[in-house]
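Residue-level structural notes
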Amino acid sequence: MVAAVELQIQRFDDALVVRLYGEIDMGVSEGLRRSIDREWERQRLRYLVLGLQEVDFIDSSGIGLLLGRYKRVIAQGGKMALVGARPAVHRILELSGMYKVMPGFAGEGEAIRMLKGGFGA
C-alpha cells in the first residue's frame with residue numbers, strides 16, 4: 001500500500017508556507033521534494049515554513065526530505081522552520097536531532113515572526 005500525502009502551498013510576504021497532510025515516507029518523499037523545490041524556485045522567497053500539523057507519520061526518508069530542503073534554503077541565504085508537529089512526529093524529529101538544526105514552533109505566524117526577527121539558522 002502506498003501512503004497518500006497532500007500539500008498546500010501559500011505565500012505570506014517573503015515566506016513560503018507548505019502544509020503537509022498524511023504520512024511522509026519513502027513512497028512520497030521524492031514527489032514532495034520536487035513539489036516543494038519547484039515552488040521554492042518559482043517564488044524566490046526568503047523563508048520556508050513547513051507545517052506538520054496534519055502529518056501522522058514520518059520516516060527516515062521524510063527526515064531526509066526536511067534536511068535537504070533546509071540545506072537548499074540555507075544555501076540560498078534563507079531560513080527554515082517546522083511548525084505544529086503532532087506528539088509522535090515531534091518525538092521522531094526530536095530524536096533525529098532536527099530541532100538542533102532548525103527551529104520548531106507551535107504556529108505559522110510565530111514561525112514567520114521569529115524567522116524574520118533573526119531567530120534560527
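Residues numbered from 1 in each chain as written. Predicted model: local features only at pLDDT ≥ 70, side-chain atom pairs only at ≥ 80, totals over all residues. Heavy atoms only, no water.

Another aspect to go through is the pattern of salt bridges. On inspection of all chains with the given rule, the structure shows 14 salt bridges. Close ionic contact of Glu94 with Arg91 constitutes a salt bridge, the shortest N to O distance being 3.2 Å. Of the two residues, Glu94 and Arg91 are both situated in helix α3 (residues 87–95); the distance of three residues between them amounts to about one turn of the helix. When its relative accessible area of 41% is taken as the criterion, Glu94 is described as partly exposed. The network of salt bridges with common partners includes Glu30, Arg33, Arg34, Asp37, Glu41, Arg44, Arg69 and Arg72. (Salt bridge = Lys/Arg side-chain N within 4 Å of Asp/Glu carboxyl O. Helix = DSSP H or I, 4+ residues; strand = E, 2+ residues; numbered from the N terminus. Buried < 20%, exposed > 50% of the residue type's maximum accessible area, 1.4 Å probe, protein only.)

With 16 residues, helix α2 (residues 60–75) ought to run about 22 Å at 1.5 Å a step, and its terminal C-alpha atoms sit 22 Å apart, in line with that. Listed as buried for α2 are Gly62, Ile63, Leu65, Leu66, Arg69, Tyr70 and Val73. Down the axis, α2 shows its buried residues gathered within 155° of arc, on one side only. Every exposed residue of α2 that faces more than 90 degrees away from the buried side is listed here: Ser60, Lys71 and Ala75. Tucked into the core, α2 has its buried residues touching β2 (15–24), α1 (26–43), β3 (47–58), β4 (79–83), α3 and α4 (98–101). Just past α2, the residue Gly77 takes up positive phi, approximately 80°. (Expected span 1.5 Å × (residues − 1). Arc of directions from axis to C-beta. Contact = heavy atoms within 4.5 Å.)

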